[in-house]
Structure formats: structure tokens, C-alpha cells
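Chain by chain, the residues run as shown.
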Amino acid sequence: MTGQKLDGLPRVDRVLAHPALEVEAATSGPTRLKALVRSVIDDARSEIKAGTRHSPPTEDEVVTEVLVRARALRERGTRRVINATGVVLHTNLGRAPLAEPARQALVDASRGYASLEMDLATGRRGTRASFAEGALISLSGADAALVVNNCAAAVLLALASTSAGGSVVVSRGELVEIGGGFRIPEILEASGARLVEVGTTNRTHLGDYTRAIEERSDVRAILRVHQGNFRMTGFVERPELSALVDLAHRSRLPLVKDLGGGALIDLARHGLSGEPTVASCVEAGCDLVCFSGDKVLGGPQAGVLVGRSEAIGRARKHPLARALRLGRLPLAALEATLSLYLRGSIAELPALAMLSRSSDETRSRAERWASALSAPDRRVEIVATEAEVGGGALAGASVRSFGVSLKSALAPDVLAARLRSGAPPVIVRVTDDAVVLDALTVLAAEDEELLGAVASALSVP
Ligand SMILES: *Cc1c(COP(=O)(O)O)cnc(C)c1O
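Note that this is a predicted model, so its numbers are computed, not measured.

Conventions adopted
Residues numbered from 1 in each chain as written. Predicted model: local features only at pLDDT ≥ 70, side-chain atom pairs only at ≥ 80, totals over all residues. Heavy atoms only, no water. Near = heavy atom within 4 Å. Polar contact = N/O pair within 3.5 Å; in protein donor to acceptor, adjacent residues only side chain to side chain. Areas by Shrake-Rupley, 256 points an atom, 1.4 Å probe, with all protein chains shown as cover. Helix = DSSP H or I, 4+ residues; strand = E, 2+ residues; numbered from the N terminus. Nonpolar A, V, L, I, M, F, W, Y, C, P; charged D, E, K, R; others polar. Pairing = 2+ DSSP bridges. Axes fitted to C-alpha atoms, helices over the stretch in contact; angles between N-to-C directions. Buried < 20%, exposed > 50% of the residue type's maximum accessible area, 1.4 Å probe, protein only. Right-handed = clockwise from strand over helix to strand, strands pointing away. Core = buried A, V, L, I, M, F, W, Y, C linked by side-chain atoms within 4.5 Å. Contact = heavy atoms within 4.5 Å. Salt bridge = Lys/Arg side-chain N within 4 Å of Asp/Glu carboxyl O.

Surrounding the ligand, one finds Arg95, Asn150, Cys151, Ala152, Ile178, Phe182, His226, Asp258, Gly260, Ser292 and Lys295. In this structure, an oxygen atom belonging to the ligand sits 3.1 Å away from a main-chain N or O atom of Cys151. For the ligand, an oxygen atom lies 2.7 Å from a polar atom in the side chain of Ser292. Contact with the protein chains covers 92% of the free accessible surface of the ligand, which is 390 Å². Elements with a contribution of two residues or more to the shell around the ligand: α8 (151-163) and β9 (255-260). Residues that form the shell around the ligand fall into these classes: four nonpolar, four polar and three charged.

Have a look at this one:
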């Protein structure tokens, strides 16, 4: 019985010759298409053998399934999306959108060759990232800077270059997970250093650090981690950063600060308090400060170390520095982003512009969307929302914003799924009974596309 059904399976070459696959063959390429056809037939064969399928699929059925799989594979690639979630630094959506000059710099550096490690004045070998590092020195007040691939890489390199083979003292309240699998104890272990935990989850005193340093002879550094993605309140205490720096220096140890965010300006001016600036950490005397390029700094994925020349010099010479270096495309975008800070043109940074946008502005945008989307078969309302900074910054601090709530015959998660599979995909927030489009995080130039995508998602039968 089973043998007969297996004999009835369509042949790969016959399916490939099916006229409905002609266009797909051009898009996917013949090798990939053949592999897809084979996988669909193989799966049917396994199902027949397992008794979960009772008749072989027809050629048409195989073709339909091949087309579904080909589309799903294509959608898995990285594509531009419209972020209507209201989360400004959305880690799953690539965090900060780039400023126009950063985008242009990236395109320019990708076109042909780039002066990555050549000094154009002398024609001799130059240092990679020397412009970015110079800008970071000016903007932070540090003696030296080093650019790497992301903040996790910066922390890894800071710990490896100061403490491998020795131990690092950290408060128990800072043994945190940042997200995406970045855990302080694990990164410490990967750096080749041993973790010495001091204090308790909620309270760590300066004396706890002093005792740990006095009791052991192998301590090489004190690590301080910024509690950016959560808040501890109530019966909590930890020493001031400057007191910890004093202790480190009296003990002839470097203080490594994992700052995360990387605010180059005081965000309190943009209504966001509680995010320390890079300059304040440098000023407090930290030997190495690690931060991200794509969080509140508003640039591409990158990691930065700033601090004292000696400590940066050791990090630069460490073999891991080569493995963790930044590629030329994000480097070009980072340099253009830093140039905006140097020129004082931070209004051009989309993430910072969103965070300081007035709620009147988002409200009138939501009103325009609502009137464009209104129709008898749906309920469209303007709603006040609490947008988020995101990206592990400011412990989920919210930003007052407005959006449009959509209720239609479609269940909200069905509508959200349709919007995700549109062109371009639109990512929304889903509440109990509605889809919400937040006006804060949609870029100014995306309004028409957004409205078109919503209209077509609602019109699919
Ligand atoms: C976000 C964050 C990191 C990781 O940064 P990536 O740029 O994602 O590698 C590390 N430490 C802290 C404190 C952070 O907030």
C-alpha cells in the first residue's frame, strides 16, 4: 500500500518544468528551486511512511507548497521595515535609524574602495578609525578611544586586556543580563578573568569592595555596570562612581565601566533624565568606559572604549582587538554620525529627534493618519500612547506619544501578521482588541507607504 503511494509521488524534473514555477526559477535561481522542490517531495515521502499522509500530493500541490516556502525564505532576509511600535531603539529592528549623512557616508564607502587604513596626506599606512577615535576623544574628554564591533565586544576587550588570568570585583546587584544573551558573569568568564562577587543583590557598600581587594592578591580590576534596562528601588544602595574610582586608584587597579547607552550629550535636555553621559564617567575618573554606537548615540552598530591612554593602549594591542574590529561600512556611518555631534547638528539624528518630539506634533500626525484611514467598515481612533526608548536604555522610560488604534473585521493579530508580510513590512503594537500604529517611530518620509500598506492589508479578502 505504502509502496504504491510512494510510487505516486511527483517527479522532481516534472515539477520543475511546471509553468507556474517559471517566474520563481528566475527569482530564486535554478539550484535553490530544485532544492525546494526536492524538500517538499521528501517531506511528503516521510509523511506517507509515517502514516500521517494518506495519498501522494499532486504536481500542482507540490508547486503551491514550493511557492509558499520560497516566499518564506525570501522574507527571512534582512529588509527595511516601517517601525510603528513606538519603541525608538528597537533591538529586533536594528536599534537607531541612521541620519541622512550617515547613510550617504555608508553608501559612498561601499561603492568602491575606501581610505580605511591609509593616510591620504602621506600615502602611507594609517590607523583604522583614527577620525572616529579623535571625535570620540573630543566629545568625551577622554585621553584615548578605541572603536570595536559592539558594546559587548568593548566589554569583552576591556576585561580581557585588564584582567585575563586574574579576577574582577563586581557587585552582586550588577550581575545582570542585558538581553540577547549578554550576561555579565558569562562575558567575564569568556574574557579569561574570574568573577569575585561582592555585596548583595540590593545593597553593596564600598567596604565590600575593599575587603575583597584586601583578601585576594589576584584582583586586576573593578567593574561597574550601568543598570540601564531595569530599576531597583526601595532598600538599595551602591557606592557613588567617584568613590569606587578612588578605591580602585588607591588600590592601583583600573575601574572599568560598562555604560551601555553612550549618551554624548545630556539627554535631560530632551526630557530624559537618568542616563549618565560618557563625559561624566570620564570625568569621574573611569579608566575604561564601554558603550554602544546604536543606542542613544543614534548611530550604527558599533562599540566604543574611551578612557586613559595606558588602558586603551593595552586594549588596542590585545589580539582580540583584531577579531572585534569594526567593518568599514559601519565605521563610515559612525564617523558621519560623530561629525553631526561635532557640528552641533544633533537634530539630524532620527532617534534623538523622536525622543524630543513634542506630543502635539505626534498628535497631529496621528490625526492625519486617522482621517486618511477612516472607512465605514472599521473603527479608527486617535489614542495617547506611551512610547519607549528601548535598547536597554533608561529602564524602559516612556515618552508621551500618540497613535491610531484600528479595529476591523480582522482579528488584531491577523491584521498585524498581514502588515508584517506587506511590502514594506509594517511592525505594529497589538493590544487586546486593536492594532495600534504609534506615530513617534515612523519616519517622516514613510507616511504614504504606511497608509498604503495599511489600506492594502485591510482590503485583502
Ligand atoms: C546594551 C548594553 C550592552 C550590549 O551592547 P551591544 O551594543 O548590544 O553589544 C552591554 N552593557 C550594557 C550596560 C548595555 O546596556
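Attention now goes to the sheet that holds strand β11 (residues 303-307). The seven strands are arranged β3-β11-β10-β9-β8-β4-β7 in an open sheet whose pairing can be described as mixed. At either end of the open sheet lies a strand with only one pairing partner, and these are β3 (144-148) and β7 (194-198). Taken over all neighbouring pairs, the strand axes of this sheet differ in orientation by 25° on average, direction set aside. When strand β4 (residues 167-171) meets β7, the two strands line up parallel, connected through five bridges.

Of all seven residues in strand β8 (residues 219-225), six are buried; the element is thus mostly enclosed. Looking at chain direction, β4 and β8 are connected through three bridges and run parallel. Residue pairing in the sheet places Ser167 in a bridge with Val219 of β8. Across four bridges, the pairing between β8 and β9 is parallel. The residue bridging Arg224 from the neighbouring strand is Lys257, located in β9. Between the parallel elements β8 and β9, the chain passes through helix α11 (residues 241-250) in a crossover that is right-handed.

This brings us to the nonpolar core. Ile222, Phe291, Val306, Leu338 and Tyr341 are the most contacted members of the largest nonpolar core, which has 60 residues in total. Non-local contacts of Phe291, meaning those with residues more than four positions away in its chain, are made with Leu136, Cys151, Leu259, Gly260, Gly261, Gly262, Val278, Leu297, Ala302, Gly303, Val304 and Val306. Ranked by size, the runner-up nonpolar core spans 31 residues in total, among them Val148, Ala154, Ile184 and Ile312.

With that settled, the discussion passes to unusual backbone geometry. The step from Ala423 to Pro424 runs through a cis peptide bond, and the omega angle for that step is 0°. Relative to the helices and strands, Pro424 resides in the loop between α18 (412-420) and β14 (426-430). With a phi close to 55°, Arg95 is a non-glycine residue in the positive phi region. Topologically, Arg95 is positioned in the loop between β2 (87-89) and α6 (100-111).

Right, let's get into the pattern of salt bridges. Counted under the stated rule, the structure contains 31 salt bridges. Of the charged contacts, one joins Arg128 and Glu117 as a salt bridge, the two residues approaching to 2.7 Å between their closest N and O atoms. You can see Arg128 sitting in the loop between α6 and α7 (130-140) and its partner Glu117 sitting in the loop between α6 and α7, a full eleven residues away along the chain. Two residues, Arg325 and Glu117, come together in a salt bridge whose shortest N-O distance is 3.9 Å. Here Arg325 is found in the loop between α14 (319-323) and α15 (328-343), whereas its partner Glu117 is found in the loop between α6 and α7, with 208 residues between them in sequence. Since its relative accessible area comes to 33%, Arg325 is described here as partly exposed. Salt bridges linked by common partners bring Glu117, Arg125, Arg128 and Arg325 together as one network.

So, about helix α13 (residues 309-317). Residues Ala311, Ile312, Gly313 and Ala315 constitute the buried set of α13. Contacts made by the buried residues of α13 are with β3, α8, β10 (288-292), β11 and α14.

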